[in-house]
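# Examination of the molecular architecture
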Amino acid sequence: MATKHEQILDHIETLAVGEKISVRRIAKDLQVSEGTAYRAIKEAETNRLVSTIERVGTIRIERKKKENIERLTYAEIVNIVDGQVLGGRAGLHKSLNKFVIGAMQLEDMMRYTEAGNLLIVGNRYKAHEYALRAGAAVLVTGGFEASDGVKKLADEFELPIISTSYDTFTVATMINRAIYDQLIKKEILLIEDILIPLEETDHLNLKEPIRRYHELNEETTHGGFPVVDQSNRLVGIITSRDVIGHLPTELIEKVMTKDPITVSMQTSVAAAGHRMIWEGIDLLPVADDSGKLKGVISRQDVLKAIQTAQRQPQQGETIDDIIKSQLHQQTSDKLLLEFRVTPQMTNAYGSISHGAYTMILTEAASAILKTKNRKDSVLENLTIYFLKPVQLDVLVYVKPTILDISRKSAKVEVEVSLENEIVGKAMLTFQLLDR
């Protein structure tokens, strides 16, 4: 039987796109507490089912696929520009496909404005009307209002007219920044991208005998399985170690490992991989907020996904990407890296920031490990000595040296120098993982 939380999420999915949702109404309709309703609505927002807008409320929007996340809804535009909805609230759930900056003559402006667009313009009232009639929504910049006739037209066509206090240039910058951030998010692999779904996941019930584990082990050659109760809630995990010395007739619930480590659909693959390596586990169950099993991921799945992602072209650059791009190998016979300190790497005092410094040291150490063996490495410990400040625009040399390496771990020393003077040192410990 579904929990109240799940019932609310199912109910939200059945609502018409564009319908307004409130905590009080959900609580009353489904006879749940307002706290339960609030938590479910927040999860629906995370799952891109609804969007909450200040002074408007929460509305049901179309669920967007991850690969099309750069297509924004008008509701999201309201949030990005801290806008006020003047009319056409019923159309806030709609997606837009193009932005038009209204910085030209009216006739020219209308040539570029089509259905599904967003016209960004100031207090040019004729342009507001013409855009709505063409099927485009309007974003009025500079804090200006719209005429009563235009508001009425917006309601009639169900096309939002939004007002923001920011100027046109700032608004365009804010929207571009939001799209850019979402492109970066799109590239981050999440568990939902690599999950072995529940219908393909072999699992056991806690009331089954250990004999059933042996049967499933023989069928699949897998060593471990998640264990669920009658409601499909994850209650444990069972491996070959758990069943040693136990009779086939004993119940799984007596020998399973209770309260297993789990991840959610929104956990990043990198975080899950690090956890699996750290805990020394090969199978990780995936559960939702109510504890129901959604599937599993294996260590092989995680490694394969990370290695594939490393070969993909970047669409949106993070600070780490910018820093990595500055590292260059200076010599071909031995590993000596160089980089120039750019403005993005500095703190308020014009010196290299601790974050950028850490990133460069980690990348240098990882680079030398890759020259010695075909292994992926996970940073376990880092000690840095900041001997002298490193200023903007200087050329710095980084020399990594492997001090000790075994099958499962490695210690690397990294020396940072500037004009033949050592300005920093670091000691890094890595866990190594076979590909």
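Notes on the structure in this doc start here. The shown structure was predicted, so the numbers you read here are calculated from the model rather than taken from an experiment.

## What to know about the pattern of salt bridges
In a structure, side chains of opposite charge can pair up when their charged atoms sit close to one another. What the rule picks out here adds up to 15 salt bridges. In this structure, Glu-6 and Lys-292 form a salt bridge, with 3.6 Å as the shortest nitrogen-oxygen distance. Highlighted residues: Glu-6 in helix 1 (residues 4-14) and Lys-292 in the loop between strand 14 (283-287) and strand 15 (293-298), separated in sequence by 286 residues. Both residues of the pair, Glu-6 and Lys-292, count as buried. Ionic pairing is found between Glu-19 and Arg-25, a salt bridge with its closest N-O pair at 3.1 Å. Salt bridges sharing common partners tie together Glu-208, Arg-212, Glu-215 and Glu-219.

## What to know about the environment of Asn-232
One can find Asn-232 in the loop between strand 11 (224-228) and strand 12 (234-239). Spatially, the C-alpha atom of Asn-232 lies 8.4 Å from that of Asn-205, the residues being 27 residues apart in sequence. Once residues within four sequence positions are removed from consideration, Asn-232 is found in contact with Leu-198, His-203, Lys-292 and Leu-293.

## Description of unusual backbone geometry
Residue Glu-158 is not a glycine yet carries a positive backbone phi of 55 degrees. With respect to the helices and strands, Glu-158 occurs in the loop between helix 7 (148-157) and strand 8 (161-163). On the basis of relative accessible area, Glu-158 is assigned to the partly exposed category, the value being 37%. Even without glycine at this site, Asn-232 takes up a positive phi of about 70 degrees.

## As for the environment of Glu-45
The topology assignment puts Glu-45 in helix 3 (residues 34-46). Note: C-alpha distance between Glu-45 and Arg-60 (15 residues apart in sequence) is 9.2 Å. Sequence-distant contacts of Glu-45, that is, excluding residues within four places in its chain, are made with Val-50, Ser-51 and Thr-52.

## Quick word on the environment of Thr-267
Structurally, Thr-267 is set in the loop between strand 13 (257-258) and helix 13 (269-279). As for Thr-267 and Ile-191, which are separated by 76 residues in sequence, their C-alpha atoms are 5.7 Å apart. With residues near it in sequence (within four places) discarded, Thr-267 still touches Leu-190, Ile-191 and Ala-272. A polar atom in the side chain of Thr-267 sits 3.1 Å from the backbone nitrogen of Ser-264.

Rules and cut-offs
- Within any chain, residue numbers begin from 1 and follow the written order of that chain's sequence.
- This being a predicted model, a pLDDT of at least 70 is required before a residue's local features are given, and a value of 80 or more before pairs of side-chain atoms are given or counted; all residues contribute to the totals for chains, interfaces and linings.
- Heavy atoms throughout the structure, all of them, feed into the side-chain values; hydrogens and water do not.
- Whenever Lys or Arg places a side-chain nitrogen within 4 Å of a carboxyl oxygen from Asp or Glu, that contact is recorded as a salt bridge.
- Labels follow the DSSP assignment, with helices taken as runs of H or I lasting at least four residues and strands as runs of E lasting at least two, numbered in each case from the N terminus.
- The cut-offs for exposure are 20% and 50% of the maximum accessible area for each residue type, with area from a 1.4 Å probe on protein chains only; residues under the lower value are buried, those over the upper are exposed, and the others partly exposed.
- For this analysis, residues touch if any pair of their heavy atoms sits within 4.5 Å.
- Under this definition, polar contacts are N or O atom pairs within 3.5 Å; protein pairs additionally need one hydrogen-donor-capable and one acceptor-capable atom, and for neighbouring residues in sequence, both atoms have to be side-chain atoms.

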